[in-house]
Structures are given as structure tokens and as C-alpha cells.
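# Geometric and topological summary
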Amino acid sequence: MGLPKEDEIRYMKALKKVKEIKEFYGHVLVYVIVIPILIFVNLKFTPQFHWFWFSVFGWGVGLLSHAFQVFEGFKFVLGKDWEERKIKEFMKKDASNGK
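What this report covers is the structure whose coordinates are included nearby. (Residues numbered from 1 in each chain as written. Predicted model: local features only at pLDDT ≥ 70, side-chain atom pairs only at ≥ 80, totals over all residues. Heavy atoms only, no water.)

### Things to note about the side chain of H66
Looking at the element boundaries, H66 is found in helix α2 (residues 52–70). For H66, a relative accessible area of 17% gives the class buried. Side-chain polar atoms of H66 contact the side chain of H27, separated by 2.8 Å. Apart from residues lying up to four places away in sequence, H66 is in contact with E23, F24 and H27. (Helix = DSSP H or I, 4+ residues; strand = E, 2+ residues; numbered from the N terminus. Buried < 20%, exposed > 50% of the residue type's maximum accessible area, 1.4 Å probe, protein only. Polar contact = N/O pair within 3.5 Å; in protein donor to acceptor, adjacent residues only side chain to side chain. Contact = heavy atoms within 4.5 Å.)

### Quick look at the nonpolar core
Counting residues in hydrophobic clusters, the biggest one holds eight residues: F24, Y31, I35, F52, V56, L63, A67 and V70. Mapped onto this core, the elements with two or more residues apiece are α1 (5–45) and α2. The dominant element in this core, judged by the number of residues it contributes, is α2, at five residues. Apart from residues no more than four positions distant in its own chain, L63 is found in contact with F24, H27, V28 and Y31. (Core = buried A, V, L, I, M, F, W, Y, C linked by side-chain atoms within 4.5 Å.)

Written out as C-alpha cells, the structure reads:
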């Protein structure tokens, strides 16, 4: 029989989101494994020039960009309805202070 159409759409969106998050964590894992290897190779063979910083920062920017894409920018920090909650909070505070 299957799920109702709306539930099926929500399920597919959730499935896509879970896949995106899983891919992001895979990206983090590779970063955490590869960067120390690059640091080791750099310090072992050319310790006079620390070129590993280019990889740390360049790849780090890419990783940060991936995080913003997956977690929808600042929504993962502030929450999805943050603006609406703050507006209501200020309106309530203003109403109680004004009377």
C-alpha cells in the first residue's frame, strides 16, 4: 500500500538530508586522517618550509563551505525559527515594560 503522498515526500527529503550529513562526516573523517599525514610528511622531508598550512587552511575552507551547505548556513547555530522567536520575545518584553 505504501505511505501517503505527503509522508513519502517528507521521507524522501529526510533521506536526502541524512545522506548529505553522512557525506559531510565522511569529508571530516578524511580531513582528520589526511592532514596529520601531510604534516608528518612535510616536517619529515622539508621541515624548513611548512607548506602543510596551505592544505590545512585551503581544505578547511572547503570543509567549512560544505558544513554551511549541509547545515543551511547559520541555521545550525541559531535554529530554523530563531528570527521569529526573537521577534516574539522582544514584542512580549516590550509589552510588559510599556504598561
